[in-house]
Amino acid sequence: KLAKFMAKKKDGKIAVVVGTVTDDKRQYDVPKLSVCALRFTETARARITKAGGECITFDKLALRSPLGKGTVLLRGPVKAREAERYFGRAPGVPGSH
């Protein structure tokens with residue numbers, strides 16, 4: 001997902017993920033990416049660096065880009081919370097499905 005999303009954005013930007021970056025075996029080729037995250041799995045870090053990219057942490061990002069210029073903040077789906085399931089029309093009311 002990270003490589004797919006960053007392909008749409010401009011090159012040279014740093015992808016910022018507040019979480020763990022994990023490896024995806026389904027993706028054969030990994031493009032050159034600069035990624036900032038809280039943690040990286042060993043295989044994800046190896047594949048990113050092998051492709052010529054870099055894996056940095058937030059303290060290094062703060063030194064490199066204090067104002068956040070040239071970064072893209074990535075986040076998960078907003079409506080993925082379990083509580084979102086219960087919002088909306090009451091059960092049994094027409095149009096509740």
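Rules of the game
- Residue positions within a chain follow its written sequence, with the count starting from 1.
- The predicted nature of this model means local features are confined to residues of pLDDT at least 70 and side-chain atom pairs, given and counted, to a pLDDT of 80 or more, with totals for whole chains, interfaces and linings taken over all residues.
- With hydrogens and water excluded, all non-hydrogen atoms of the structure serve as input to the side-chain values.
- Paired strands are those between which DSSP finds at least two bridges.
- Helix and strand definitions follow DSSP, with helices as H or I runs of at least four residues and strands as E runs of at least two, each counted in order from the N terminus.
- Salt bridge criterion: a side-chain nitrogen from Lys or Arg within 4 Å of a carboxyl oxygen from Asp or Glu.
- Here's how the labels work: a residue is buried when its accessible area is under 20% of the maximum for its type, exposed when over 50%, partly exposed in between, all with a 1.4 Å probe on protein chains only.
- Patch members must show over 30% relative accessible area and no salt bridge, and they are joined within 9 Å when carrying like charges or within 5 Å when they are nonpolar side chains of Val, Leu, Ile, Met, Phe, Trp or Tyr.
- Reported accessibility uses the Shrake-Rupley method at a 1.4 Å probe radius. Residues are deemed covered only where the shown protein chains occlude them.

## Some details on the pairing of strand E2 (residues 34-40)
Then step 1. Summarising the sheet, strand E1 (residues 14-21) and E2 pair through six bridges and their orientation is parallel. Residue Ile14 lies in a different strand from E2, and its bridge partner there is Ser34.
Then step 2. Across three bridges, E2 lies against strand E3 (residues 54-56) in parallel orientation. Its bridge partner being in E3, Cys36 is matched across the sheet by Ile56.

## Concerning the pattern of salt bridges
Then step 1. One pass over the structure, following the stated rule, counts six salt bridges.
Then step 2. When the shortest N-O distance is used, the salt bridge between Asp23 and Arg47 registers 2.8 Å. Of this pair, Asp23 sits in the loop between E1 and E2 while Arg47 sits in helix H2 (residues 42-50), and the two are 24 residues apart along the sequence.
Then step 3. Overall, Asp23 belongs to the partly exposed group, its relative accessible area being 22%.

## Comments concerning a nonpolar patch on the surface
Then step 1. Residues Val18, Leu38, Phe58 and Leu73 make up a contiguous nonpolar surface patch of roughly 410 Å² in combined accessible area.
Then step 2. Inspection of the secondary structure puts Phe58 in helix H3 (residues 58-64).
Then step 3. Exposure remark for Phe58: the relative accessible area of 31% places this residue in the partly exposed category.

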